[in-house]
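# Summary of structural features
Letter by letter, the chains look like this.
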Amino acid sequence: MRALVVDHSAPAHLTLTDVPDPIPAPGEALVRVEAVSLNYGEVSDAADPKAPEGTVIGWDAAGTVVRAAADGTSPAAGTRVVTVGVTGWAQLRAVPAARLGVVPDDADLGAVSTVPVAGLTALHVLRRMGQLMGRRVMVTGASGGVGRYAVQLAARAGAEVVAISRNPSRADELRTLGAHQVHTDPAAVEQPVFGVLDNVGGRHLVDAFNAMEAHGTLVNVGRSSGADSVLPPEALLAAGGRHDRSIRTFHLYGEPAADFSADLRWLAAEVAAGRLDPGITWRGPWTRYAEAAQTLLDGRLHGKAVLDIA
Ligand SMILES: NC(=O)c1ccc[n+]([C@@H]2O[C@H](COP(=O)([O-])OP(=O)(O)OC[C@H]3O[C@@H](n4cnc5c(N)ncnc54)[C@H](OP(=O)(O)O)[C@@H]3O)[C@@H](O)[C@H]2O)c1
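Residues numbered from 1 in each chain as written. Predicted model: local features only at pLDDT ≥ 70, side-chain atom pairs only at ≥ 80, totals over all residues. Heavy atoms only, no water.

### Quick notes on the overall build of the protein
Using the following cut-off: Numbering of helices and strands runs from the N terminus; a helix is a DSSP stretch of H or I covering at least four residues, while a strand is a stretch of E covering at least two. To get the radius of gyration, use the C-alpha atoms; to get the globule rule, take the number of residues to the power 0.38 and multiply by 2.2 Å. Working definition: with a 1.4 Å probe on protein chains only, accessible area under 20% of the residue-type maximum means buried, over 50% means exposed, and in between means partly exposed.
In terms of helices and strands, the protein carries 9 helices and 15 strands. On C-alpha atoms alone, the protein measures out to a radius of gyration of 20 Å, which is about the 19 Å that the 2.2 N^0.38 rule sets for 310 residues. Counting only C-alpha atoms and orienting by the principal axes, one finds that the protein spans roughly 60 × 40 × 35 Å. With 310 residues in all, the protein has 53% of them scored as buried.

### Considerations on the nonpolar core
Selection rule: We call a set of buried Ala, Val, Leu, Ile, Met, Phe, Trp, Tyr and Cys residues a nonpolar core when their side-chain atoms join them within 4.5 Å. The split of the chain into domains comes from an automatic or database domain assignment. By definition, residues are in contact when any of their heavy atoms lie within 4.5 Å.
Counting residues in each nonpolar core, the largest one holds 48 residues, and the members touching the most others are V82, V112, M129, V151 and L174. The element that contributes the greatest number of residues to this core is helix α3 (residues 115–128), accounting for 8 residues. Here this core gathers at least three residues from each of two domains, domain 1 (2–114 + 278–308) and domain 2 (119–252). In this structure V112 touches A62, V82, V103, A107, A268 and V271, once residues within four positions along its chain are discounted. Core analysis: the second largest hydrophobic core is formed by 23 residues, L14, L38, V43 and W89 among them.

### Considering the domain arrangement of the protein
Let me state the cut-off plainly: Put simply, buried area is how much 1.4 Å-probe accessible surface two parts lose in total, over both of them, once they are put together. Note on definitions: salt bridges are taken to be side-chain nitrogens of Lys or Arg within 4 Å of carboxyl oxygens of Asp or Glu.
Partitioning the protein into structural domains gives domain 1 (2–114 + 278–308) and domain 2 (119–252). The C-alpha-based centres of domain 1 and domain 2 are spaced at 29 Å. Buried surface at the junction of domain 1 and domain 2, both sides included, amounts to about 720 Å², of which 51% is carbon and sulfur. Applying the counting rule to domain 1 against domain 2 returns 0 salt bridges.

### Here we look at the site of the ligand
Heads up, the rule is: We call a residue near a molecule or strand when any one of its heavy atoms sits within 4 Å of it. Residues adjacent in sequence count toward polar contacts only when both atoms are side-chain atoms; beyond that, a polar contact is any pair of N or O atoms within 3.5 Å, and within protein one must be able to donate a hydrogen and the other to accept it. Of the grid points, spaced at 1 Å and generated over the protein atoms alone, those admitting a 1.4 Å probe that cannot get out make up cavities, while open sets with protein on both sides within 12 Å along at least five of seven lines make up pockets; any residue with an atom within 4 Å of a point is treated as lining. Cavity and pocket membership follows a simple rule, namely that a molecule belongs there if more than half of its atoms are within 2 Å of the grid points. Residue polarity follows a fixed list, in which Ala, Val, Leu, Ile, Met, Phe, Trp, Tyr, Cys and Pro are nonpolar, Asp, Glu, Lys and Arg are charged, and the others, Gly among them, are polar.
For the ligand, the set of nearby residues contains 24 residues, the closest of which are S143, V146, S165, R166 and L252. Between the ligand and the protein, one listed contact pairs an oxygen atom with a backbone N or O atom of V146 at 2.8 Å. S224 is positioned with one of its backbone polar atoms (N or O) 3.4 Å from a nitrogen atom of the ligand. Of the pockets mapped on this structure, the ligand occupies the largest pocket. Residue assignment for the shell around the ligand shows that the elements contributing at least two residues are α1 (40–46), α3 and α4 (145–156). In terms of residue class, the shell around the ligand is built from 9 nonpolar, 13 polar and 2 charged. When residues are assigned to domains, the shell around the ligand turns out to be shared by domain 1 (2–114 + 278–308) and domain 2 (119–252), each giving three or more.

### Section: the sheet that holds strand β8 (residues 136–140)
As a reminder, the rule being used: The rule for pairing is simple: two strands pair if DSSP sees at least two bridges between them. Every axis corresponds to a line fitted to the C-alpha atoms, with the helix fit spanning only the stretch in contact, and the corresponding angles, defined between N-to-C directions, vary from 0 to 180 degrees.
The strand order across the open sheet formed by 6 strands is β10-β9-β8-β11-β12-β13, and the pairing between neighbours is parallel. Unpaired on one side and paired on the other, β10 (181–183) and β13 (246–249) mark the two borders of the sheet. Averaged over all adjacent pairs, the angle separating strand axes in this sheet is 20°, with direction ignored. Relative to β10, strand β9 (residues 160–164) is paired through 3 bridges, and the arrangement is parallel. Within β10, the position partnered with A163 by the bridge is V182.

Written as structure tokens, this is what we have:
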């Protein structure tokens with residue numbers, strides 16, 4: 001099969017080449033991949049000199065089951081699915097049933113390919129905050145892949161959404177997605193928030209923590225700023241009585257046995273029905289991988305990039 005593999009001499013550190021087909025384990029379905037979406041994490045991982053040459057990477061992929069899992073746990077051959085894993089940028093992917101969700105027949109596979117990492121991360125982090133109805137929730141890096149889904153899902157859950165985006169030109173779009181307020185800087189938020197989904201780290205994390213009310217929770221998802229988060233002592237002590245605030249870390253693959261199938265199916269159905277906007281701002285054939293990856297790495301994407309697999 002053809003696959004995008006790590007090649008440190010190639011543009012964006014990836015090259016399209018022939019590799020052996022995957023051999024599914026008894027609990028894995030074999031999926032013919034038709035579309036994949038890019039995440040900041042895997043694109044930057046590929047560019048890391050420590051990434052082994054020849055590795056097939058890629059987390060999000062959507063396609064059609066061509067061979068059901070031998071143990072009978074997966075959907076049947078011919079079922080359209082969206083999948084999450086680590087080897088998706090290839091014509092074939094072997095996936096356990098817990099890492100695939102059935103997709104509506106009429107869904108655009110490119111659109112649903114955006115939900116695995118970005119959508120699942122937003123959904124699971126917001127769930128960790130508890131009941132959001134009537135509560136103020138801040139999302140930093142709001143115009144990114146995770147951020148856009150988080151804004152929409154928090155608004156759907158009844159939260160008053162405070163979106164943080166460096167770029168004021170994203171404000172109208174973020175309001176359309178459900179944001180009630182849009183700021184360029186968490187330090188500008190005057191009324192305390194109940195929860196924070198932080199994609200950015202660094203100064204954003206510190207200022208978002210300072211914006212939290214008593215008992216609030218900040219969940220750090222990423223570090224798009226590339227900066228360290230240094231909480232000065234006064235941030236912890238002089239909080240005007242707003243005690244019992246917490247910072248939690250999150251990793252989507254933190255629970256290896258997690259079953260994502262129901263959440264993948266729900267997110268894909270919401271995208272297919274037009275109730276969640278996948279925010280695709282770049283789409284093209286996978287031969288144009290380097291162009292898409294560079295747009296993402298340069299911070300010019302403001303949404304999701306999708307590659308159609310030939
Ligand atoms: N822990 C996990 O399981 C997990 C899962 C998914 C993603 N992640 C991580 O979470 C982060 C977000 O992922 P993503 O896929 O949404 O990335 P993305 O699409 O690149 O979006 C990140 C957003 O952060 C903002 N940003 C970027 N650089 C910044 C800077 N220097 N200062 C302030 N804001 C900046 C930008 O939004 P604005 O222009 O709107 O400010 C950008 O759109 C990444 O670090 C990723 O690696 C972690």
